[in-house]
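Geometric and topological summary
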Amino acid sequence: MLKTPAPPSSAASGALGRDSVLFREGMSRVAAAVHVVTTDGSAGIAGFTATAVTPVTDDPASLLVCVNTAARSAQALLANGVFCVNTLTADDQDLANIFAGRTELHGPDRFLKGEWGKLITGAPALTTSLVSFDCRLTDARVVATHHVIIGEIVNIRLGERKPALVYQGRLYHEL
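No experiment lies behind these values; they were computed from the predicted model shown. (Residues numbered from 1 in each chain as written. Predicted model: local features only at pLDDT ≥ 70, side-chain atom pairs only at ≥ 80, totals over all residues. Heavy atoms only, no water.)

1. Some remarks on the sheet that holds strand S5 (residues 61–68)
- Ordered in space as S3-S2-S6-S9-S10-S5-S4, the seven strands form an open sheet in which the pairing is antiparallel. Two strands lie at the open edges of the sheet, namely strand S3 (46–50) and strand S4 (53–58), each paired on one side alone. Recorded for the sheet is a direction-independent mean angle of 30° between the axes of neighbouring strands.
- Note that S4 and S5 share five bridges and pair antiparallel. Considered in S5, the bridge of Asp58 is made with Ala61. (Pairing = 2+ DSSP bridges. Helix = DSSP H or I, 4+ residues; strand = E, 2+ residues; numbered from the N terminus. Axes fitted to C-alpha atoms, helices over the stretch in contact; angles between N-to-C directions.)

Structure follows, in structure tokens:
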């Protein structure tokens, strides 16, 4: 007989399983690929580091990206209506930190680092990424503190096969 274990309690609050501190700690244990999501258009060039990226369907090919509603890059992406998901190699940890806002570079100055090109939508595509998914925005919804953004993929650029950059345990790792 399968027994359902009791939900864990949070060390921070003693609350059962739904505590945001416990949730963040649990999610920190889940390894995820690291991406830089970029956009360009009438609202300007912008980008952010994301691990909340997942495929939705392959017909039509589409991706889901989550970004905090307070992020300036989110507003530019929504206004531009296009974005590119650039999956980082293990060599791109500095770019991950730059686009996560962990350096002195902000706004368009972030694009001074790395080698950038453009695909069909005009959103910046990192030429050294493992893969770049060029997308047109098809849906966006606010769920609590985040925009859940879905884009139809209009072009894919495959990069060189290299070790990937992943985030797990609040640290970057090579996979």
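2. Points about the sheet that holds strand S11 (residues 165–168)
- Strand order in the open sheet formed by three strands is S1-S11-S12, with antiparallel pairing between adjacent strands. Both edges of this open sheet fall to strand S1 (32–33) and strand S12 (171–174), since each of them pairs with a single strand only.
- For S1 and S11, the ladder comprises two bridges, and the chain directions are antiparallel. Directly across from Ala32, in S11, lies its bridge partner Tyr167.

3. Structural notes on the layout of surface pockets
- Considering only enclosed or pocket space, the largest pocket measures out at about 1,300 Å³ in volume.
- Along its surface, the largest pocket is lined by 38 residues, and Thr49, Ala50, Thr51, Cys66 and His146 are the ones closest to its centre.
- Of all the secondary structure elements, the ones that give two or more residues to the lining of the largest pocket are helix H1 (20–28), S3, S5, helix H2 (72–80) and S11.
- For the lining of the largest pocket, the element with the highest residue contribution is S3, accounting for five residues.
- In terms of residue class, the lining of the largest pocket is made up of 20 nonpolar, 13 polar and five charged. (1 Å grid on protein atoms, 1.4 Å probe; cavity = no way out; pocket = protein on both sides within 12 Å on 5 of 7 lines; lining within 4 Å. Points joined across faces, edges and corners; volume = space filled by probe spheres on them. Nonpolar A, V, L, I, M, F, W, Y, C, P; charged D, E, K, R; others polar.)

4. Remarks on the environment of Ala52
- For Ala52, the location among the structural elements is in the loop between S3 and S4.
- Considering only alpha carbons, one finds Ala52 and His35, 17 residues apart in sequence, at a separation of 8.7 Å.

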